[in-house]
Amino acid sequence: MPLEKQELVKKIGANIRKHRKTKSMSLQKLALESGIEYSQISRIERGVINTSVYHVYIISNTLGVPVKYIFQDL
């Protein structure tokens, strides 16, 4: 059964947070290196906003993980 929109957004955010923490990277460092505002990354990780595919791509590249890892276990 397909995920509801909010559940999907939360899972993507959780995957981003997991990979960021695995890399021992702070939100501040991810924001600085990706060029995405700290508050926006925080909202993405918490599943508050549905971000663009482009931002997911930028974040995954900054974390050094394939973008498909952000969409794992969906």
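Attention here is on the structure that accompanies the text. (Residues numbered from 1 in each chain as written. Predicted model: local features only at pLDDT ≥ 70, side-chain atom pairs only at ≥ 80, totals over all residues. Heavy atoms only, no water.)

1. Here we look at the overall build of the chain
Scanning the chain from N- to C-terminus turns up 5 helices and 0 strands. Counting from the amino terminus, helix and strand elements in the chain follow one another as α-α-α-α-α. Taking 74 residues into account, the globule formula puts the C-alpha radius of gyration at 11 Å, and the chain, at 11 Å, falls close to it. Its C-alpha atoms put the chain at 35 × 20 × 20 Å along the principal axes. For the chain, long-range pairs separated by at least 24 residues make up 60% of all intrachain contacts whose partners lie at least 6 apart in sequence. By element, 54% of the accessible surface of the chain is carried by carbon and sulfur atoms, the whole surface being about 4800 Å². Taken together, the 12 basic and 6 acidic charged side chains of the chain have centroids lying 4 Å from each other. (Helix = DSSP H or I, 4+ residues; strand = E, 2+ residues; numbered from the N terminus. Rg over C-alpha atoms; globule rule 2.2 N^0.38 Å. Contact = heavy atoms within 4.5 Å. Areas by Shrake-Rupley, 256 points an atom, 1.4 Å probe, with all protein chains shown as cover. Lys, Arg positive; Asp, Glu negative; His and termini not counted. Charge placed at Lys NZ, Arg CZ, Asp CG, Glu CD.)

2. Comments concerning unusual backbone geometry
Here the phi dihedral of Ser24 falls at roughly 55 degrees; this positive angle occurs in a residue that is not glycine. On the secondary structure map, Ser24 appears in the loop between helix 1 (5-22) and helix 2 (27-34). Even without glycine at this site, Asp73 takes up a positive phi of about 60 degrees. With respect to the secondary-structure elements, Asp73 resides in the segment after helix 5 (67-70).

3. Things to note about the side chain of Arg20
As for its placement among the helices and strands, Arg20 is situated in helix 1. Excluding residues that lie within four positions of it along the chain, Arg20 makes contacts with Met25, Ser26, Leu27, Leu30, Glu45 and Leu63.

4. Let's talk about the nonpolar core
Among the nonpolar cores identified, the biggest contains 15 residues, and Ile16, Leu30, Ile36, Ile41, Ile59, Leu63 and Ile70 are the most heavily contacted of them. Only helix 1, helix 2, helix 3 (38-46) and helix 4 (53-63) provide two or more residues apiece to this core. Counting residues per element, this core draws most heavily on helix 4, at 4 residues. (Core = buried A, V, L, I, M, F, W, Y, C linked by side-chain atoms within 4.5 Å. Buried < 20%, exposed > 50% of the residue type's maximum accessible area, 1.4 Å probe, protein only.)

5. Section: the pattern of salt bridges
As enumerated under the stated definition, the model contains 3 salt bridges in all. Between Glu45 and Arg17 there is a salt bridge, with its nearest N and O atoms 3.3 Å apart. Of this pair, Glu45 sits in helix 3 while Arg17 sits in helix 1, and the two are 28 residues apart along the sequence. For Glu45, a relative accessible area of 2% puts it in the buried group. Overall, Arg17 belongs to the partly exposed group, its relative accessible area being 28%. Residue Glu33 is joined to Lys29 by a salt bridge in which the shortest nitrogen-to-oxygen separation is 3.8 Å. Linking Glu33 with Lys29, this pair stays in helix 2, spanning 4 residues, or about one helical turn. Residue classification places Glu33 among the partly exposed positions, given a relative accessible area of 45%. (Salt bridge = Lys/Arg side-chain N within 4 Å of Asp/Glu carboxyl O.)

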